[in-house]
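Here is how the chains run, residue by residue.
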Amino acid sequence: MSSSFFIKTKANPKFGKKEKNTTALKRKVQSDGDSAESKKVQAKKHNSKLNEEISSDSETESHAALEKKPSKEKEIEYDETPQEKKLRLAKLYLEQLKEEEEKKAEDDSFETDLIAGRLEEEVLEQKGKLQRFIAKDLMPPDASDIRVFRGHKLPVTCLVITPDDKCIFSAAKDCSIIKWDVESGRKLHTIPGGRKGTEDRHVGHTAHILSMSISSDGKYLATGDMNNLIMIWEAETCKQLYKFTGHRGPVSGLSFRKGTHDLYSASHDRSVKVWNVDENAYVETLFGHQDSITGLDALSRERCVTAGGRDGTVRVWKIAEESQLVFHGHQGSIDCIQLINEEHMITGADDGSVSLWGVNKKKPLCTVKQAHGCHGDAGLEQPHWVASVAALQNSDTVASGSHNSQVNVWKCSPHYRGLEHLFSVPVSGFVNSLKFSSSGQFLVAGIGQEHRLGRWWRLKEAKNGIYIIPLKRKPSASEEDKNA
């Protein structure tokens, strides 16, 4: 037992010596390998140095390379940990999000302000309470800036401006209709008038045209004449589409309901009729006036307003309810009427007065007597008849015309409580029709030697035609500073 035990103990030290030898050998091999690797690295470094020396073209580049090295070393020295990198990137991302959200919030608030302003205007417009204050910036135009379009042989009785303000349609006692280009002043199309008795074969009117209206989309043109006829035309091509018969007197007023092709017509037969132009159909007739209706106007509501001539009333017709509101004010025949917005209107009469009305009050809100002065011998003065009125929609600017050789432009006070005369524009003749452009850039006057409804006077010095009156604005403070 003891011998075998001792034999084993002898074998162990030999094995240990062998292990020591092998580990020593391994260390030696490793040291040799390390020395070889270090030699290789040194050689590579030497080669890279040589390469650098060869590739360098100038001393400046070598200096720049040397300057770059320490920065790289510094980057390596102060390299951030993964956690620090994550934190930095998270902060950057949060800052970007914050900037984007702030920008979006600014844009949204700007957009919402714009939308809110637009919606507020639309609501006020529907309620008839929108009043844009434009009159304070208007200036009287120079006489040289007023352009005259001549083409009608007899007095111009009515006119309309297309919704895009590019064209004007005018009609006259010579039974003709002319389409004008506003910019150039040239005639784009002429529908000649026919002689009495040629109604069957002539395409167009054969009697004095008294009224005219164009749809809000510029598709249809409607004209009414002394032969009790209403004609519907395609505005673009001036092609005749339909004839509406039904009135028993001259058609003195026409208006399309805004945004639709519903047409309202008024006549000397004291009735108001409703037509559907799309369907080429008659809808209904409304009665109420006690004398010839001399004017009619409508906006977007299902209602229209009329001037009742010598019955001395202005009426608001509620079509859907089949009811009417009656207003009294002028002393003479009310010859013209125009809506400013859904709740307010302006009228002119042969007693020389101009009145401003609100639909909630039976009497005028304001009346200017002898708005265009008087004529005649001393002690026998008669006021100049107000033959036409116009209003720039949803604004505080209105105009009136007579035969005293001028168009008057008026400013409505806030809430339409008064009228203030701004300036007069000289024109020679009867101002039978007035229209503001949609943009408010110009005013168009239809001028004739005679009144549109009769031949009481004749002004020989006047020229039958259309006057384009530019509406100049006062320069703003910023523009004045620039000019200075």
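Up top is the structure.
All of these numbers come straight from a predicted model, not from anything done at the bench.

### Considerations on the environment of V274
Then, in step 1: Residue placement: V274 occurs in strand β13 (residues 271-276).
Then, in step 2: C-alpha of V274 to C-alpha of L263: the two residues are eleven residues apart in sequence and 5.8 Å apart in space.
Then, in step 3: Look past the residues within four positions of V274 in its chain and what remains in contact with it is L263, Y264, Y282, V283, E284 and I319.

### Points about the pattern of salt bridges
Then, in step 1: Using the criterion set out here, one finds seven salt bridges in the structure.
Then, in step 2: For the salt bridge of E450 with K173, the shortest nitrogen-to-oxygen distance reads 3.1 Å. Note that E450 is positioned in the loop between β30 (442-448) and β31 (465-470) and K173 in the loop between β4 (167-172) and β5 (177-181), a separation of 277 residues in sequence.
Then, in step 3: When its relative accessible area of 4% is taken as the criterion, E450 is described as buried.
Then, in step 4: Its relative accessible area of 5% is what places K173 among the buried residues.
Then, in step 5: Between R310 and D350 there is a salt bridge, and its shortest N-O distance comes to 2.8 Å. One end of the pair, R310, is in the loop between β16 (303-307) and β17 (313-318); the other, D350, is in the loop between β20 (344-349) and β21 (354-358), and 40 residues separate them in sequence.
Then, in step 6: According to the relative accessible area criterion, R310 is exposed, its value standing at 58%.
Then, in step 7: Salt bridges here are not isolated pairs; linked through shared partners, they connect D142, D145 and K472.

### Thoughts on a nonpolar patch on the surface
Then, in step 1: Taken together, Y93, L94 and L97 make up a surface patch of nonpolar side chains, about 310 Å² in accessible area.
Then, in step 2: Secondary-structure assignment places L97 in helix α3 (residues 82-127).

### Details of the packing of aromatic side chains
Then, in step 1: One pass over the full model with this rule turns up five aromatic pairs.
Then, in step 2: The interplanar angle of 25° and the centroid separation of 5.5 Å between the aromatic rings of F149 and W180 together place this pair among those described as stacked. Here F149 is found in strand β2 (residues 147-149), whereas its partner W180 is found in strand β5, with 31 residues between them in sequence.
Then, in step 3: Given the relative accessible area of 2%, W180 is considered buried.
Then, in step 4: Measuring from ring centre to ring centre gives 5.5 Å for W275 and Y282, while their planes differ by 70°; the resulting arrangement is edge-to-face.

### Here we look at the nonpolar core
Nonpolar side chains in soluble globular proteins tend to be buried together.
Then, in step 1: Core analysis: the largest hydrophobic core is formed by 20 residues, its most contacted members being V407, V431, L434, F436, L443 and A445.
Then, in step 2: If you list the elements that add at least two residues to this core, you get β27 (406-412), β28 (419-426), β29 (430-436), β30 and β31.
Then, in step 3: If near-sequence neighbours (up to four positions away) are discounted, V431 is found in contact with A387, S388, G401, S402, Q406, V407, A445, G446 and I447.
Then, in step 4: Of all hydrophobic cores here, the second largest spans 17 residues; its members include I340, V386, V398 and L419.

### A short note on the sheet that holds strand β19 (residues 334-339)
Then, in step 1: Read across the sheet, four strands follow the order β19-β20-β21-β22 without closing on themselves; strand pairing throughout is antiparallel. Looking at which strands have only one partner, the edges of the open sheet turn out to be β19 and β22 (366-368). Strand-to-strand, the axes of this sheet are offset by a mean angle of 20°, without reference to chain direction.
Then, in step 2: Pairing geometry for β19 and β20, over five bridges, is antiparallel. Directly across from Q338, in β20, lies its bridge partner I346.

The rules behind the values
- Residues numbered from 1 in each chain as written.
- Predicted model: local features only at pLDDT ≥ 70, side-chain atom pairs only at ≥ 80, totals over all residues.
- Heavy atoms only, no water.
- Helix = DSSP H or I, 4+ residues; strand = E, 2+ residues; numbered from the N terminus.
- Contact = heavy atoms within 4.5 Å.
- Salt bridge = Lys/Arg side-chain N within 4 Å of Asp/Glu carboxyl O.
- Buried < 20%, exposed > 50% of the residue type's maximum accessible area, 1.4 Å probe, protein only.
- Patch = residues over 30% accessible without salt bridge, like charges linked within 9 Å, V, L, I, M, F, W, Y side chains within 5 Å.
- Areas by Shrake-Rupley, 256 points an atom, 1.4 Å probe, with all protein chains shown as cover.
- Phe/Tyr/Trp six-rings, centres within 6.5 Å; stacked < 30°, edge-to-face > 60°.
- Core = buried A, V, L, I, M, F, W, Y, C linked by side-chain atoms within 4.5 Å.
- Pairing = 2+ DSSP bridges.
- Axes fitted to C-alpha atoms, helices over the stretch in contact; angles between N-to-C directions.

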